[in-house]
Each structure stands twice: as structure tokens, then as C-alpha cells.
Amino acid sequence: MSQLVKKKLFNPNGDTELRNRRMIGGNTTNLNDFNNMKYSWASNWYRQAMNNFWIPEEISMATDILDYPKLSKEERSAYDKILSFLIFLDSIQTANLPFIGQYITANEVNLCLTIQGFQEAVHSQSYSYMLDSICSPVERSSILYQWKDDEHLLKRNTFIGELYNEFQEKQDDFVLLKVLMANYILEGIYFYSGFMFFYNLGRNGKMPGSVQEIRYINRDENTHLWLFRNMILELKKEEEHLFTEENIEILKEMVKEGVEQEIAWGHYVIGDNIVGLTKQNVEDYIKYLGNLRWSSLGFGTLYEGYEEEPDTMKWVGQYADANLVKTDFFEARSTAYAKSTALVDDL
């Protein structure tokens, strides 16, 4: 493995030749030149992400305030625990992305990471707005920090958190690759039991404001997933030495661990006691996502028999459809997302 060197902030001797630009280990000037990008996909990503701008407080929570006390005990418990988990994930993402960016030497990709960091902050703002709307300050604080006392939550956060901490201590190229994979797992697998739960509330006519907030967040997460997949694929081309059979097996085990944790989490917070969802629904859907994420990196199938989206869970994709997320805030009704062509969630 090769030790990475933090790029210089001011570098007048940086290389301006596009053909010499690299994802890591390059000699960048840090100049943001929107007309000269080696990684052309970054331009499309950046414009899409900019067009995804939204403000959490513009979504009404009036109905949620009335609905929340009426949720079943199991629904309220799941709502609280899932929010606690999601708040932690987006908070640690906001803190970690700038550190990753110090070692990415393609300035157009760093532009994307900067936009993602902003969006993660908006997601944290959204979750806080949801909690501020439906519960007291004391309840809000209890939910925010449930992950410190709930062993299931702490285990989940520890898996990602320790991978991020490893890169704080050891900045070599393979540890960075593992951090990129951890991001890919977080964006592409870790969120989905939570999203599934909120969408199930929506199809049962409950908590419409929370559902709409989650749909906006889900749309952003789709773009983040696409970004990290492309970064990993570029490293496959530029840093072939990182993708030995042994290293690929380590990455594979990371994805499988992410899948198994997400299934166990779904069983814990959703179980078989929430109308419209079962443990089997959760397991089938998350194994399907695991296959989708791993195969999108060109590595084949993880779970035989889960190559297709389960028929029982197709409604999840309908709620998450990026083309149907845009809202007219003044009329509180869904309209087609027309600012730009939405990224297809084929990951």
C-alpha cells in the first residue's frame, strides 16, 4: 500500500494537463475550472446536485404533529430509533467528507464532495426540524442520542465510524478505498430500512410531512451513491494494484457486513409488528440492494436468488422515484421534477 500525502492548498507548481489528472496522488493546482474536467461525469453530477436544492422548513409538518401521538407504540419506537440513526449518519458524513477531500486530487470531484457535504448538513437540519415539530425539547434530546445507549444503534454506528477513524490514523491508498466503500455502503444500503419504514407510513396515510422530507433526502442520497460508485470505478482503472483478489474479498466482506447489519436492524426496529411490513420484506429487499450495489461495481452477485427487486417491495421504488419528488410548497402537492433530468437510481 502507498502512503498518501495531503495535497497542498496553494500549489503554483501544480500540473494543469488534464491527461495527468488523477483521483489520488496527483499534483493539483486546486483551481476550479468548469470548462476543463477530466472526469466528465462530475459536471453532470454537480449540476444535478445543485438543482436538487431544497429547504426543510418549507415542508409542512402540521399533519405530523397530529399523527405522531396516534402512531402505534411500535411505529413511534421505530420512528424515534430510525431518526436517531439517520441523524448520526448524516452528521458523521458532514464531518468526514472534507477530510476525504484533502487527499482527492481531482478538483472537479472535490467540487462534488463539497456539495455533498452541504446536502448532508441540510439532511441533519431536516431531521432536527422533524423532531422539533412533533416532540418536546427533552424528548428531542433523548432521540438524538439514543445511539449512545441502544446497543443495536451503537453497533451500527461503530462499523462505519471505526472505518472513518482508521483513515484519520492511517492515510494510505487502501484505507482510503475502504473509506470510499464505507460511504458507498452507507449511502446505498444503510439508509434503506429507514426509508422503507417512512414510505410505509406514507402509503398508510400517516406522517406526510416526514415522508416528504425523507423523499428529498433519498433523492440526494441517490446522487451521493452515484458519486462514490464513480470514484471507486475510477480507482479501479487508475490504481489497479489496490484491487487484488485479497483486497476485493475485504471489500466484499464489508458489503456483506453492511447488508447483514441492515437486515438485523430492520428486524429490530420494524419486526413483524408494523402494518404493511415484515421481517421477510426487509431481508428480501436488503439482499436485493446488496446485489445491486456490488454488481454495479463490476463484481457480480452476492446473494443468489435476489437479483430482481422483490414484487412485494416495488412500492418502495415508487416513493423514492426522483422524478416525482419535486413539491410545489405553496400548494403542498407533488409535481414533476423539471429543473433537470433526474439521475436514474439504477445502482
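The chain carries the name Ribonucleoside-diphosphate reductase subunit beta in an unreviewed UniProt entry, which gives Candidatus Scybalomonas excrementavium as its organism. Under Function (unreviewed entry), UniProt gives the following word-for-word description of the chain: "Provides the precursors necessary for DNA synthesis. Catalyzes the biosynthesis of deoxyribonucleotides from the corresponding ribonucleotides."

1. Topic: the UniProt feature "active site" (unreviewed entry) in the chain
UniProt records the feature "active site" (unreviewed entry) for Y127 in the present numbering. Looking at the element boundaries, Y127 is found in helix α4 (residues 107–134).

2. Considering helix α7 (residues 173–190)
For α7, spanning 18 residues, the distance from its first C-alpha to its last is 24 Å, which sits close to the expected 26 Å at 1.5 Å a residue. Taking burial as the measure, the 18 residues of α7 include 18 buried ones, the bulk of the element. Looking at where α7 begins, the residue whose side-chain oxygen comes 3.1 Å from the main-chain nitrogen of F174 is D172.

3. Looking at the packing of helix α8 (residues 192–203) against helix α9 (residues 208–238)
Interhelical geometry of α8 versus α9 gives an angle of 145° and a closest axis separation of 9 Å. Where α8 crosses over α9, the handedness of that crossing is left-handed. Of the residues in α9, those touching α8 at Y192, F195, F198, Y199 and G202 are S210, V211, I214, R215, I217, N218, E221 and N222. Within the contact of α8 with α9, the residues separate by chemical class into seven nonpolar, four polar and two charged.

4. Examining helix α10 (residues 245–269)
Its 25 residues give α10 an end-to-end C-alpha distance of 36 Å, which sits within 8% of 36 Å, the value for a rise of 1.5 Å per residue. By the burial criterion, the buried members of α10 are N247, L251, M254, V255, G258, V259, Q261, E262, I263, W265, G266 and V269. Contacts made by the buried residues of α10 are with α3 (73–101), α6 (151–169), α7, α8 and α11 (279–295). In the stretch just after α10, G271 is the one whose phi turns positive, near 60°.

Definitions and cut-offs
- Residues numbered from 1 in each chain as written.
- Predicted model: local features only at pLDDT ≥ 70, side-chain atom pairs only at ≥ 80, totals over all residues.
- Heavy atoms only, no water.
- UniProt positions renumbered as here; feature names shortened; annotations may be inferred.
- Helix = DSSP H or I, 4+ residues; strand = E, 2+ residues; numbered from the N terminus.
- Expected span 1.5 Å × (residues − 1).
- Buried < 20%, exposed > 50% of the residue type's maximum accessible area, 1.4 Å probe, protein only.
- Polar contact = N/O pair within 3.5 Å; in protein donor to acceptor, adjacent residues only side chain to side chain.
- Axes fitted to C-alpha atoms, helices over the stretch in contact; angles between N-to-C directions.
- Left-handed = near helix turned anticlockwise from the far one by under 90°.
- Contact = heavy atoms within 4.5 Å.
- Nonpolar A, V, L, I, M, F, W, Y, C, P; charged D, E, K, R; others polar.

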